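# Close look at the chain arrangement
Below, each chain spelled out in residue letters.
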Amino acid sequence: MRTITALKYRHRVLALLASMSMLTYLDRVCISVAGPRLQSDLQLSPHQWGLATSAFAIAYALFEIPSGHLADRFGARAMLTRIVVWWSAFTTLTGFVTNLWSLMAVRFFFGAGEAGAYPTAATSVFRWFPAIERGRAYGVVLLSGQLGAAVAPLIIVPVQMHLGWRVSFYLFGGVGILWSALWWRVYRNRPTEMPGISAAEAAEIGVDGVLSHTPFPWRSLASHVSVWGLMGSAGAYLFSYSFFLFWLPTYMVRERGFSESETKLSALPFLLGAASNLVGGIARDMAVRRCGARWGSRLICQSALFTSAVSAAAALFSPNKYVAFAFLALCYGGITFQQTTVFATFIEIGRRYAGAVAGCMNTGAALGGLLSSLIFGYLVEGWGNYDGVLIAMAVALGLGSALWFLIDASKPLEVPATPSRPN
């Protein structure tokens, strides 16, 4: 009992955010793992499957910045409750689709609901954690998402083999509703609004976490080169990241000859991703201490994305399916290794506007995901295999690495000097 009592309240907040992140990826990867059966059941071609996944990406891109800005303005309590209830409802409805158009409609609204989840989490991390802990805290959030993606195949494959692919969507939709109720009951937007928090912990968190709301500096955002660089690099790596979320099990079965039971191996890249998020966060802190925020962050992200680009190309030329799969796992590991640095960078650039800056970055990421969704299917049909997809991934990851020359994590947004009425 003493251990529970001594637990700091912000760690309870982090546990809730981590479980939300895990649930996010459970729901996202659900459609990927169900992909081969779903495509066969609905008689979808590769380019039609690409259209279905693009519906999610379009909505995600459209609603990222508004959702992040609303989180900064109104707080994470109401926003994350709305977000998770919304996406859980459309996760459930995915199990009722009967054709391409109903699938596209449901996935569009699913993306609209889920947009803003990570920007809102960034707002919460900024308000609830002192500056020295924010990178590690968001690293835990990201790591949890990878664990959710890793667990998804282990749950979904047996469920769909015995009960059908539709049941997996009903299952995860219900879990999301339960999480929303718990979040609304336990969470408050600021430490000062939480009756159970101690004065000592509130002092540890500091004044940064409870700053008043000020008008958003749109002009500063639009002219900030690092923000545009983050958007471009995020779009480049999400272009390839989307392959693992939506295409990997289908690639394994139809291109490399894995059995349906073996698609449970698709959990391995996400397990590597979880470890990479954690190790990448530690490496980022070491690099920043040694080289400064500007070059330390660049070193981590450029080397990781370059490694991913080489790994994608190596998978293309690997004749053995297990070796090719290992290179793809390494490709994903490189992408996730730099993610903690990316998120720490936008928190430091945006600070009190971390949610909106995260929304900008995620919009760029979603546009990259949208582009891959639109062209991957056509590349598969045009080439007759996945070679064109892997080449496109390698090129995009190389571009994402180069764009880090534009990003300076040491330069935050310029903000208005006089705060307005607190929200």
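All of the points below concern the structure found in this document. (Residues numbered from 1 in each chain as written. Predicted model: local features only at pLDDT ≥ 70, side-chain atom pairs only at ≥ 80, totals over all residues. Heavy atoms only, no water.)

## What to know about the overall build of the protein chain
Worth spelling out the cut-off: Starting at the N terminus, helices and strands are each numbered in turn, a helix being any DSSP run of H or I of at least four residues and a strand any DSSP run of E of at least two. Put simply, the radius of gyration uses C-alpha atoms, and a globule should come to 2.2 Å times the residue count raised to 0.38. Burial classes follow relative accessibility: with a 1.4 Å probe on protein chains only, a residue under 20% of its type's maximum area counts as buried, one over 50% as exposed, and anything between as partly exposed. The contact rule is simple, with two residues in contact once any of their heavy atoms fall within 4.5 Å.
Regarding its fold elements, the protein chain presents 17 helices and zero strands. In summary, the protein chain has a C-alpha radius of gyration of 21 Å against a globular reference of 22 Å for 423 residues, a match within 12%. Based on the C-alpha atoms only, the size of the protein chain along its principal axes is roughly 60 × 45 × 40 Å. Per-residue burial for the protein chain yields a buried fraction of 59% across its 423 residues. In the protein chain, once contacts between residues fewer than 6 apart in sequence are set aside, the share between residues at least 24 apart is 85%.

## Re the pattern of salt bridges
Close approach of charged atoms allows side chains with opposite charge to pair. Applicable threshold: Salt bridge, as used here: a side-chain nitrogen of Lys or Arg that lies within 4 Å of a carboxyl oxygen of Asp or Glu.
The tally for this structure, following the rule as stated, stands at three salt bridges. A salt bridge links R166 to D41; the nearest nitrogen and oxygen atoms lie 3.7 Å apart. Of this pair, R166 sits in helix α9 (residues 165–186) while D41 sits in helix α3 (residues 35–42), placing them 125 residues apart in sequence. For R166, a relative accessible area of 24% corresponds to the partly exposed category. For D41, a relative accessible area of 43% gives the class partly exposed.

## Focus on helix α14 (residues 321–337)
Put simply, the rule reads: To estimate the expected span of a helix, subtract one from its residue number and multiply by 1.5 Å. Two N or O atoms count as a polar contact when they lie within 3.5 Å, although within protein this holds only if one can serve as hydrogen donor and the other as acceptor, and sequence-adjacent residues are included solely when both atoms are side-chain atoms.
The end-to-end C-alpha distance of α14, which contains 17 residues, comes to 24 Å, matching closely the 24 Å that a straight helix rising 1.5 Å per residue would cover. The opening residue of α14 is N320, an N-cap whose side-chain oxygen sits 2.8 Å from the backbone nitrogen of Y322.

## Thoughts on the packing of helix α5 (residues 76–94) against helix α6 (residues 100–114)
What counts, and what does not: As a rule, the C-alpha atoms of each element are fitted with a line to give its axis, helices using only the stretch in contact, and angles between N-to-C directions run from 0 to 180 degrees. In what follows, roughly perpendicular refers to angles from 65 to 115 degrees, roughly parallel to angles under 35, roughly antiparallel to angles over 145, and oblique to any angle outside these ranges. Should the near helix be turned anticlockwise from the far one by less than a right angle, the crossing is left-handed, and should it be turned clockwise, the crossing is right-handed. Note that Gly is not counted as nonpolar here; it falls among the polar residues with everything else outside the nonpolar set of Ala, Val, Leu, Ile, Met, Phe, Trp, Tyr, Cys and Pro and the charged set of Asp, Glu, Lys and Arg.
At a closest axis distance of 8 Å, the pairing of α5 and α6 adopts a crossing angle of 165°. Regarding the angle of α5 to α6, the classification is roughly antiparallel. For the pair α5 and α6, the crossing hand works out as left-handed. Residue-level contacts link R82, I83, W86, W87, F90, T91, L93 and T94 of α5 to L103, V106, R107, F109, F110, A112, G113 and E114 of α6. By residue class, the composition of the contact of α5 with α6 is ten nonpolar, three polar and three charged.

## A look at the state of the cysteines
Worth spelling out the cut-off: The disulfide definition used here is simple: a pair of cysteine sulfur atoms within 2.5 Å.
All chains considered together, the criterion is met by zero disulfides. Unpaired in terms of disulfides, C331 finds its nearest cysteine sulfur in C301, a separation of 15 Å.

## Section: the side chain of T250
You can see T250 is positioned in helix α12 (residues 225–254). The class for T250 is buried, based on a relative accessible area of 2%. Once residues within four sequence positions are removed from consideration, T250 is found in contact with G35, P36, Q39, E255 and Y386.

## Let's talk about the packing of helix α13 (residues 267–316) against helix α17 (residues 387–402)
Where α13 meets α17, the axes come as close as 8 Å, and the angle between the chain directions of the two elements is 165°. It follows that α13 is roughly antiparallel to α17 by the angle criterion. For the crossing formed where α13 meets α17, the hand is left-handed. Residue-level contacts link Q302, L305, F306, S308, A309, A312, A313, A315 and L316 of α13 to D387, L390, I391, M393, A394, L397, G398, G400, S401 and A402 of α17.

## Comments concerning the environment of L14
Counting through the fold element by element, L14 comes out in helix α2 (residues 9–33). Note: C-alpha distance between L14 and A137 (123 residues apart in sequence) is 6.9 Å. Here L14 is in contact with F129, A137, V140 and V141, once residues within four sequence places are set aside.

## Section: the nonpolar core
Here is the rule we go by: Definition of nonpolar core: a set of buried residues of the types Ala, Val, Leu, Ile, Met, Phe, Trp, Tyr and Cys, connected through side-chain atoms within 4.5 Å.
With 117 residues, the main nonpolar core has Y138, F243 and F346 as its most contacted residues. Looking at this core, the element that brings in the most residues is α12, giving 16 residues. Excluding residues within four positions of it along the chain, F243 makes contact with L248, Y251, L328, F376, Y386, V389 and M393.

## What about the packing of aromatic side chains?
What counts is decided by this rule: Stacked, edge-to-face and tilted are the three classes for Phe, Tyr and Trp ring pairs, Trp counted by its six-membered ring, which pair at centre distances within 6.5 Å; planes under 30 degrees apart are stacked, over 60 edge-to-face, the rest tilted. Distance and angle both matter: a charge sits over a ring if NZ of Lys or CZ of Arg is within 6 Å of the ring centre and within 35 degrees of the ring normal.
A complete count under the given rule lists 23 aromatic pairs for this structure. Aromatic side chains F108 and F109 sit 5.5 Å apart centroid to centroid with 90° between the ring planes, which places their arrangement in the edge-to-face category. Relative to F376, the ring of W247 has its centre 6.2 Å away and its plane inclined at 70°; by these criteria the two rings are edge-to-face. One end of the pair, W247, is in helix α12; the other, F376, is in helix α16 (residues 354–383), with 129 residues separating them in the sequence. The cationic tip of R77 hangs over the ring face of W184; the distance from NZ or CZ to the ring centre is 3.7 Å. R107 extends its terminal NZ or CZ atom over the ring of F110, reaching a point 4.3 Å from the ring centre.

## With respect to unusual backbone geometry
Most peptide bonds take the trans form, and the phi angle of most residues other than glycine is negative. Positive phi, close to 55°, is recorded for Q43, a residue that is not glycine. As for its position among the elements, Q43 is in the loop between α3 and α4 (46–74).

## Description of helix α7 (residues 117–128)
Between its first and last C-alpha atoms α7 spans 16 Å; for twelve residues at 1.5 Å apiece the expected length is 16 Å, and the two agree. By the criterion of burial, α7 is predominantly enclosed, with twelve of the twelve residues buried. Buried within α7 are the following residues: A117, Y118, P119, T120, A121, A122, T123, S124, V125, F126, R127 and W128.

## Things to note about the side chain of S233
You can see S233 is positioned in helix α12. Apart from the residues within four sequence positions on either side, S233 is in contact with L305, G400, L403, W404 and I407.

## Section: the environment of G364
By the element assignment, G364 lies in helix α16. Taking the relative accessible area as the measure of exposure, G364 reaches 7% and is therefore buried. Along the chain, G364 and F63 lie 301 residues apart, while their C-alpha atoms are 12 Å from each other. In this structure, G364 is in contact with M231 and G235, ignoring residues within four places of it in sequence.

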